[in-house]
Amino acid sequence: MIAEEVLTTDAVVESLLTGPRSDRLFGLVQHEVQTVIDEQSSIAKPFVVLTVGSRRYQEMKASAAQLAMARMREAIMPAAGYASDVLDIGTTIAEKMQMLSPMEFEELLRPAFRQDEWKLITVGAIIGFLVGELQVLLLLG
């Protein structure tokens, strides 16, 4: 369920592109794009800088990085199915959860049930009361 509803490939990609640390990804992409542009224009770079100016050259590199980032979703999504198969999140989660001790497993699940915990306790108390009353009636009756 976690692999199919929460940790989907689409959700992971979306988190990478728009999540709280997406600025790191953008910084990495920007650095790599600008490095590649510098490497590819190695011999012509002085002429390009002389022709368009140093400031404009830097703006062009930044613009190329922004364009790469804007098109990243389109580039990544075709590989989403492959990534799902390779990552096999469901199997990985199941294997890791089986390795947990009972106490670690409880600590993992407790936050998910915390808001409904009172319902579980109430239902348990009611069932316990009813079973106890049933036993009293059967013993006395």
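No experiment lies behind these values; they were computed from the predicted model shown.

A. Just the overall build of the protein chain, in detail. Counting its regular elements, the protein chain contains 10 helices and 0 strands. Helices and strands in the protein chain line up, N terminus first, as α-α-α-α-α-α-α-α-α-α. Computed over the C-alpha atoms, the radius of gyration of the protein chain is 28 Å, more than 25% above the 14 Å expected from 2.2 N^0.38 for a compact globule of 141 residues. The principal-axis extents of the C-alpha atoms in the protein chain amount to approximately 105 × 25 × 25 Å. In the protein chain, 70% of the contacts between residues at least 6 apart in sequence involve partners at least 24 apart. Total accessible area on the protein chain is roughly 11300 Å²; 64% of this is exposed by carbon and sulfur atoms. Across the protein chain, 12 positive and 19 negative side-chain charges occur, with their mean positions spaced 13 Å apart.

B. Fine view of the pattern of salt bridges. Inspection of every chain in the model, using the stated rule, returns 5 salt bridges. The salt bridge partner of D38 is K61, with a shortest N-O separation of 2.9 Å. Of this pair, D38 sits in helix α3 (residues 22–40) while K61 sits in helix α5 (residues 54–70), placing them 23 residues apart in sequence. Judged by its relative accessible area of 22%, D38 is partly exposed.

C. A look at the confidence of the model for the protein chain. Overall, the prediction assigns the protein chain a mean pLDDT of 82, with 94% of residues at 70 or greater. Averaged over each element, pLDDT in the protein chain is lowest for helix α1 (residues 2–6) (64) and highest for helix α10 (residues 117–140) (89).

D. Here's a closer look at the environment of D38. Sequence-wise, D38 and K61 are 23 residues apart; in three dimensions their C-alpha atoms are separated by 8.7 Å. Look past the residues within four positions of D38 in its chain and what remains in contact with it is K45, Y57 and K61. In this structure the side chain of D38 is engaged in a polar contact, spanning 2.9 Å, whose partner is the side chain of K61.

Each value, and the rule that gives it
- Residues numbered from 1 in each chain as written.
- Predicted model: local features only at pLDDT ≥ 70, side-chain atom pairs only at ≥ 80, totals over all residues.
- Heavy atoms only, no water.
- Helix = DSSP H or I, 4+ residues; strand = E, 2+ residues; numbered from the N terminus.
- Rg over C-alpha atoms; globule rule 2.2 N^0.38 Å.
- Contact = heavy atoms within 4.5 Å.
- Areas by Shrake-Rupley, 256 points an atom, 1.4 Å probe, with all protein chains shown as cover.
- Lys, Arg positive; Asp, Glu negative; His and termini not counted.
- Charge placed at Lys NZ, Arg CZ, Asp CG, Glu CD.
- Salt bridge = Lys/Arg side-chain N within 4 Å of Asp/Glu carboxyl O.
- Buried < 20%, exposed > 50% of the residue type's maximum accessible area, 1.4 Å probe, protein only.
- pLDDT = per-residue confidence, 0-100.
- Polar contact = N/O pair within 3.5 Å; in protein donor to acceptor, adjacent residues only side chain to side chain.

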